Amino acid sequence: MLRTSASRVLDDSDRDEVLALLDTDPVANVFVAARVRAVGLSPSRLGGQMWGYGPRGGLVSLCYAGANLVPVNATREAVHAFADRARKQGRRCSSIVGPAGAVEQLWERLEPHWGGARAIRWAQPVMATSSAPAVEPDPLVRRVRPEEFGILLPACVAMFTEEVGVSPDNGDGGALYRSRVAELIRIGRSYARIDDGQVVFKAEIGAVTPQVCQIQGVWVHPDLRGRGHAAAGMAAVVEQALKYLAPVVTLYVNDFNLPARAVYRKVGFQEVDTFMSVLF
């Protein structure tokens with residue numbers, strides 16, 4: 001059996017082995033894989049550390065430890081090693097998120113040391129599609145232009161607050177969140193329908209690898225819900241994502257959000273996995 005001491009901080013010399021492990025489940029690992037492909041494993045560029053479990057040439061599990069704590073292919077022994085490292089380091093993340101089994105085990109070991117969570121999403125279905133959308137795309141959904149940042153930002157803040165339960169303006173006044181919104185617009189991965197200066201529907205593609213891209217931030221203006229904007233808007237984003245970004249499109253959603261799950265199924269998504277999130 002591997003020992004806890006096999007846990008170590010990885011660097012760029014481990015990149016190929018890390019990517020090979022991430023590619024064993026490209027849907028579940030799209031967020032971490034996109035980060036590694038974009039910036040490598042140097043903590044200064046990664047925005048955190050990548051922990052590995054197993055010897056060089058025999059990595060078994062990973063854990064991204066940045067703004068989020070994200071276990072990857074984490075065996076029970078690896079979870080114990082990662083939890084031990086996280087406990088000694090102290091909580092630096094705003095959430096633990098990933099495959100439900102590993103996150104639950106991590107939280108069981110960390111809760112006595114880190115204290116209670118602000119919220120726990122015990123079951124978040126991971127959904128994916130590789131097929132053309134099953135409903136007609138909204139032709140008015142398009143890439144958001146940089147000059148429309150001021151129009152889009154309030155919708156993004158509303159979505160975040162509704163989904164996470166706190167405003168992204170907390171802490172640093174929202175500077176980091178605004179920077180991320182602007183970056184997704186700049187690189188052409190923010191989509192919306194904007195009618196007369198009002199955001200009707202919006203979504204972003206937050207993580208992209210050659211195999212998979214992940215949709216996030218899906219939102220419809222509260223006054224316009226129940227009119228089909230979500231399905232048609234998602235169909236438009238899926239159509240663009242499959243055409244320009246990756247052969248598989250994925251997302252994850254809270255299990256209690258039955259309207260959203262119904263919309264995604266209508267568009268053509270199927271449930272393929274279950275995530276869990278612990279929010280601080």
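Use the structure listed above.
Bear in mind that the values here come from a model prediction, so they are computed numbers and not experimental data.

**Student:** Describe helix 1 (residues 15-22), and please don't skip the residues or the numbers.
**Tutor:** Looking at helix 1, one finds that the buried residues are Val18, Leu19, Leu21 and Leu22. Down the axis of helix 1, the sector holding all buried residues measures 160°, keeping them to one side. For helix 1, the elements touching its buried residues are helix 2 (30-39), strand 3 (61-65) and strand 4 (68-72).

**Student:** Explain the environment of tyrosine 53 to me, using residue names and the numbers behind them.
**Tutor:** Within the fold, tyrosine 53 resides in strand 2 (residues 49-53). Overall, tyrosine 53 belongs to the buried group, its relative accessible area being 1%. Once the C-alpha coordinates of tyrosine 53 and leucine 10 are considered, the two residues, 43 residues apart in sequence, prove to be 9.6 Å apart.

**Student:** Which residues make up the sheet that holds strand 4, and what values do they have?
**Tutor:** An order of 1-2-3-4-5-12-6-11-10-9-8-7 is seen for the twelve strands of this open sheet, with the pairing classed as mixed. Each end of this open sheet is capped by a strand with a single partner; those strands are strand 1 (7-9) and strand 7 (142-143). In terms of strand pairing, strand 6 (residues 119-129) meets strand 12 (residues 270-279) through eight bridges, oriented antiparallel. Bridging from a neighbouring strand, alanine 119 pairs with leucine 279 of strand 12. Of the strands in this sheet, strand 1, strand 2, strand 3 and strand 4 are in contact with helix 4 (residues 76-89), which crosses strand 2 at around 145°.

**Student:** How would you summarise the nonpolar core if you had to cite specific residues and measurements?
**Tutor:** Formed by 28 residues in total, the largest nonpolar core has its most connected members in Ile215, Met234, Val237, Tyr264, Val267 and Phe269. If you list the elements that add at least two residues to this core, you get strand 9 (198-208), strand 10 (212-220), helix 8 (229-244), strand 11 (248-252) and helix 9 (258-267). Broken down by element, this core gets its largest block of residues, seven residues, from helix 8. When residues no more than four places from it in sequence are discounted, the contact partners of methionine 234 are Phe201, Ile215, Val218, Leu251, Tyr264, Val267 and Phe269. In terms of nonpolar packing, the next biggest core, distinct from the first, is built from 25 residues, Val32, Ala33, Leu62 and Val212 among them.

**Student:** Pulling in residues and values, what's your account of the packing of helix 4 against helix 5 (residues 100-114)?
**Tutor:** Remark: helix 4 packs on helix 5, axes separated minimally by 9 Å, with the N-to-C direction vectors making an angle of 30°. Considering the angle they form, helix 4 stands roughly parallel to helix 5. Seen along the crossing, helix 4 lies across helix 5 with a hand that is right-handed. Contact residues: helix 4 offers Arg76, Val79, His80, Phe82, Ala83, Ala86 and Arg87, while helix 5 offers Ala102, Gln105, Leu106, Arg109, Leu110, His113 and Trp114.

**Student:** How would you summarise the pairing of strand 3 if you had to cite specific residues and measurements?
**Tutor:** The buried count for strand 3 comes to five of five residues, which makes it a mostly enclosed element. Burial along strand 3 is two-sided: Ser61, Cys63 and Ala65 facing one way and Leu62 and Tyr64 facing the other are all buried. Across five bridges, the pairing between strand 2 and strand 3 is antiparallel. Within the sheet, the bridge partner assigned to glycine 52 lies in strand 3 and is leucine 62. Two strands pair when backbone bridges link them, and strand 3 and strand 4 are joined in this way by four bridges, in the antiparallel orientation. Its bridge partner lying in strand 4, leucine 62 is registered against valine 72. Between the antiparallel neighbours strand 3 and strand 4 lie two residues.

**Student:** I'd like a rundown of the pairing of strand 4, residues and numbers included.
**Tutor:** Counting buried residues along strand 4, five of its five residues qualify, which places the element largely inside the surrounding structure. As paired strands, strand 4 and strand 5 (residues 95-99) are joined by two bridges and run parallel to one another. Its bridge partner being in strand 5, leucine 69 is matched across the sheet by isoleucine 96. Note on the crossover from strand 4 through helix 4 to strand 5: the handedness is right-handed.

Conventions we followed
Residues numbered from 1 in each chain as written. Predicted model: local features only at pLDDT ≥ 70, side-chain atom pairs only at ≥ 80, totals over all residues. Heavy atoms only, no water. Buried < 20%, exposed > 50% of the residue type's maximum accessible area, 1.4 Å probe, protein only. Helix = DSSP H or I, 4+ residues; strand = E, 2+ residues; numbered from the N terminus. Arc of directions from axis to C-beta. Contact = heavy atoms within 4.5 Å. Pairing = 2+ DSSP bridges. Axes fitted to C-alpha atoms, helices over the stretch in contact; angles between N-to-C directions. Core = buried A, V, L, I, M, F, W, Y, C linked by side-chain atoms within 4.5 Å. Parallel < 35°, antiparallel > 145°, perpendicular 65-115°, else oblique. Left-handed = near helix turned anticlockwise from the far one by under 90°. Right-handed = clockwise from strand over helix to strand, strands pointing away.

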